[in-house]
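Residue-level structure breakdown
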Amino acid sequence: MSAAPSTSPDPAQRFGSRLPVLVWLAFGFVGGILVLAMIGPVFAQSPTDQDLFSIAVPPSGGHWLGTDELGRDVLARLVTGARTAVMGPVIVAAFGLVVSAGVGIFSGYSGGLADGIIMRIVDFVVALPGLLLAIVLVSVLGSGYWLAIAVLSFLNVQGDIRIVRGAALKERRLTYVEAARAVGVPPARIMFRHILPNLLALLAATFAVDFGGALVALAGLAFLGLGAEIGSPEWGSMLSEGQALLLGNPAAALAPALAIILLAISVNLIGDWVYDRYTGR
């Protein structure tokens, strides 16, 4: 008698069955924004073309999200601005990921004088009013978007270093690290071939938090007229410009606001899910 065929689901099915609906929606929204950031501007209308006969009009067949105070298509500007909205936060979060992984693990594993010096520097930078300092530097130096990214990258990474250092301190006391030391494994190999893989879920979660924070911070700077170039299709600038159109075309302000909120929430939902799944919570 032949054995009954196996009915156990494959890994992809198990992955899908365990994925909450909200996380599915978050993946879908983030994926859609990434597609818009990469190829959206190729298919969208020009974000700078003006229709002087359709100024601040509500959504219609010709303009799905209406137009702004200069007759520019809101949807075209929203799609074109997706690239800037994603690129800056990714750079800030990636910088935090790399630096916190290197410095945090080294500090937590090494201990002693090196750990003390690193943490005192981190404590000093953490004590600085980050967003206020970014506003002052960007407004004084006037170098725009890339300076804003650089300032936020430097000020944001300190908190990540503290988190990763704490996790590395915990890992340093575990049996597998002691066993590696006992057989003479070099410290660098222990840190980045043994400890680092066990912190990947934590690093993914901090990346998500950093992305959301940088997205909101860069949008806030653009809302204040800092960081983004005047007239550029940046979501924060669109939100600021759309305030005056709340009665004529509310979509001019609500569309970029919802895009910022939903993107930040979606990335954080994905980061939380990754952390919970791969830490067994």
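Structural data are supplied above this passage.
Okay, so let's go over this structure. Since the structure is predicted, the reported quantities are computational estimates derived from the model, not experimental observations.

So, about the pattern of salt bridges. In this structure the tally under the stated criterion is eight salt bridges. Measuring nitrogen to oxygen at the nearest pair gives 3.8 Å for the salt bridge that ties arginine 72 to glutamate 69. Between aspartate 123 and arginine 120 there is a salt bridge, with its nearest N and O atoms 2.8 Å apart. Linking aspartate 123 with arginine 120, this pair stays in helix α4 (residues 112–126), spanning three residues, or about one helical turn. Judged by relative accessible area, aspartate 123 falls into the partly exposed class, the value being 27%. A relative accessible area of 53% places arginine 120 in the exposed class. The network of salt bridges with shared partners includes Asp68, Glu69, Arg72, Arg77 and Glu241.

Applying the stated criterion across every chain, the model contains two aromatic pairs. Summarising the aromatic geometry, the rings of phenylalanine 27 and tryptophan 273 are spaced 6.1 Å apart at their centres and angled 85° between planes, so their arrangement reads as edge-to-face. Of this pair, phenylalanine 27 sits in helix α2 (residues 21–43) while tryptophan 273 sits in helix α11 (residues 251–278), placing them 246 residues apart in sequence. By relative accessible area, which is 11% here, tryptophan 273 ends up buried. Pairing tyrosine 145 with tryptophan 146 gives two aromatic rings, centres 5.6 Å apart and planes at 75°, and the pair type is edge-to-face.

Basis of the calculations
Residues numbered from 1 in each chain as written. Predicted model: local features only at pLDDT ≥ 70, side-chain atom pairs only at ≥ 80, totals over all residues. Heavy atoms only, no water. Salt bridge = Lys/Arg side-chain N within 4 Å of Asp/Glu carboxyl O. Helix = DSSP H or I, 4+ residues; strand = E, 2+ residues; numbered from the N terminus. Buried < 20%, exposed > 50% of the residue type's maximum accessible area, 1.4 Å probe, protein only. Phe/Tyr/Trp six-rings, centres within 6.5 Å; stacked < 30°, edge-to-face > 60°.

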